[in-house]
Structure formats: C-alpha cells, structure tokens
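# Overview (structure and organization)
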Amino acid sequence: SRLARRWLSLPPIYALKGHSLLFRTGDALPPEAVFLECRDAADESCSPEIFPRADGTTYIAAINSQTPLPVDPADVGPDPGALKRLHAIAAAASPVLARSPVLARQACYRPISPDGMPIIGAIPDAPGAFVATGHGVWGILNAPATGEALSELILDGRASGVPLHAFDPARFTS
C-alpha cells in the first residue's frame with residue numbers, strides 16, 4: 001500500500017509492528033486459545049494472545065509498536081527488547097511456557113488505515129484499479145471474505161456477499 005501511493009490516490013497506511021514467540025510445548029498445554037489483559041514488569045498494559053497448536057508448539061503474540069515498515073521484507077526483524085518483554089510475559093502467564101524452549105522469535109507488520117477500518121474497493125480516480133488493505137490485526141481472519149468480495153466487485157461490478165460501502169476507498173476523498 002505504501003509503494004502504491006506513488007501512483008494511486010490512497011490514504012496513508014501506517015504499519016503496526018507486532019512481535020511473537022513460538023515455543024515447543026508438546027502436549028503440556030490444553031488446545032484452547034487464551035486472550036489476556038495484563039500489566040508487565042514495567043507496569044505497561046498488554047494483551048497477549050496464546051495459541052497452543054496441534055503440532056506441539058505454542059504461539060504467543062503481543063508487544064506492538066509503530067515503527068517504520070522497511071521497503072525490503074528481508075529487513076523485517078523483531079526488536080530484542082520487545083522479545084525479552086514478551087518472553088517475561090509468557091513465563092508469568094504459564095509455568096509451561098517459562099520452561100519451554102523458544103523455536104522462533106518473529107515480527108510482522110500489519111497495515112492500519114487512518115480510520116482503523118479496512119479499505120476495500122475501486123480506487124476513485126484510477127479506472128480498473130482496486131485495493132484491499134488496512135485490515136490491521138484481522139487481515140488473516142478477514143482475507144477470505146475480502147478476497148471473495150473484491151473478486152465479485154471486479155468481475156460483477158458489485159459484491160453480493162459482503163456489503164463494501166463502509167470500506168470504500170472514496171471515503172478518504174474530499
């Protein structure tokens with residue numbers, strides 16, 4: 001989205017950087033996702049999400065920051081301080097996580113629109129150009145419905161399954 005702004009009239013999209021850890025936990029945790037609201041050692045509020053997986057790993061994500069998105073994906077990497085903080089949160093949340101080995105230390109960026117709503121639809125001043133961005137942390141969850149709605153819009157001129165008016169890119173034009 002950031003690069004497409006060079007030739008399309010799109011609103012600025014900012015990047016929310018999120019950090020995650022992947023632990024080898026075996027069958028020591030039940031297969032239920034856990035969503036927490038807590039304060040960390042620095043008394044900062046955080047909302048970790050813990051997802052035990054069928055393959056014996058457990059994924060935990062939290063610690064977001066608004067750092068610039070690198071143009072080259074190879075330059076995306078986690079912040080060591082954020083990972084240390086996340087590891088401490090995981091250890092405080094579960095003795096299993098406290099003693100489990102970390103398999104991966106990761107970071108990813110999620111696109112956020114100026115109003116926090118996805119931008120899905122035809123670009124007003126660029127006939128034949130369409131966009132789907134700004135889904136934030138819900139991108140993976142909403143990707144199937146977004147893809148279906150956008151394909152209907154492109155092929156049929158309207159989306160039949162998902163009403164797209166609230167997500168129209170034209171809402172940012174004046």
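Treat the numbers as computed from the prediction; the structure is a model and nothing was measured. (Residues numbered from 1 in each chain as written. Predicted model: local features only at pLDDT ≥ 70, side-chain atom pairs only at ≥ 80, totals over all residues. Heavy atoms only, no water.)

## Some words on the packing of aromatic side chains
Defined as follows: Centres within 6.5 Å are what make two rings of Phe, Tyr or Trp a pair, Trp counting through its six-membered ring; a difference in plane orientation under 30 degrees is then read as stacked, over 60 as edge-to-face, and the rest as tilted. Only protein chains enter the accessibility calculation, which uses a 1.4 Å probe; a residue is then buried when its area is under 20% of its type maximum, exposed when over 50%, and partly exposed in between.
This structure, assessed with the given rule, holds two aromatic pairs. Between the aromatic rings of Phe51 and Tyr59, the centroid separation amounts to 6.2 Å while the plane-to-plane angle is 40°, which identifies the pairing as tilted. We classify Phe51 as partly exposed; its relative accessible area is 27%.

## Some points on a nonpolar patch on the surface
Filter applied, for reference: For patch detection, residues must exceed 30% relative accessible area and be free of salt bridges, and they are connected within 9 Å for like charges or within 5 Å for nonpolar side chains (Val, Leu, Ile, Met, Phe, Trp, Tyr). Note on areas: Shrake-Rupley with a 1.4 Å probe; residue coverage comes only from the protein chains shown. The salt bridge criterion pairs a side-chain nitrogen of Lys or Arg with a carboxyl oxygen of Asp or Glu, the two atoms within 4 Å. Secondary structure follows DSSP: runs of H or I at least 4 residues long count as helices, runs of E at least 2 residues long count as strands, and numbering of each begins at the N terminus.
There is a patch of nonpolar side chains on the surface, built from Leu3, Trp7 and Val71 and spanning about 340 Å² of accessible area. Mapped onto the elements of the fold, Trp7 is located in the segment before strand 1 (14–24). Given the relative accessible area of 62%, Trp7 is considered exposed.

## Some words on the sheet that holds strand 2 (residues 34–35)
Cut-off, in case you're wondering: A pair of strands is considered paired only if DSSP assigns at least 2 bridges between the two. Whether two residues are in contact is decided by their heavy atoms: any pair within 4.5 Å suffices. Helix axes use the C-alpha atoms of the stretch in contact, all axes being lines fitted to C-alpha atoms, and the angles between their N-to-C directions lie in the range 0 to 180 degrees.
Spatially, 2-5-6-1-7 is the arrangement adopted by the five strands of the open sheet, whose pairing is antiparallel. Each edge of the open sheet carries a strand with a single partner, namely strand 2 and strand 7 (102–112). Of the pairings in the sheet, the one linking strand 1 to strand 7 comprises 10 bridges and is antiparallel in character. The partner of Lys17 across the bridge, within strand 7, is Tyr109. Its contacts with the sheet place helix 1 (residues 80–93) against strand 1, strand 5 (49–52), strand 6 (57–65) and strand 7, and it is angled at close to 50° to strand 1.

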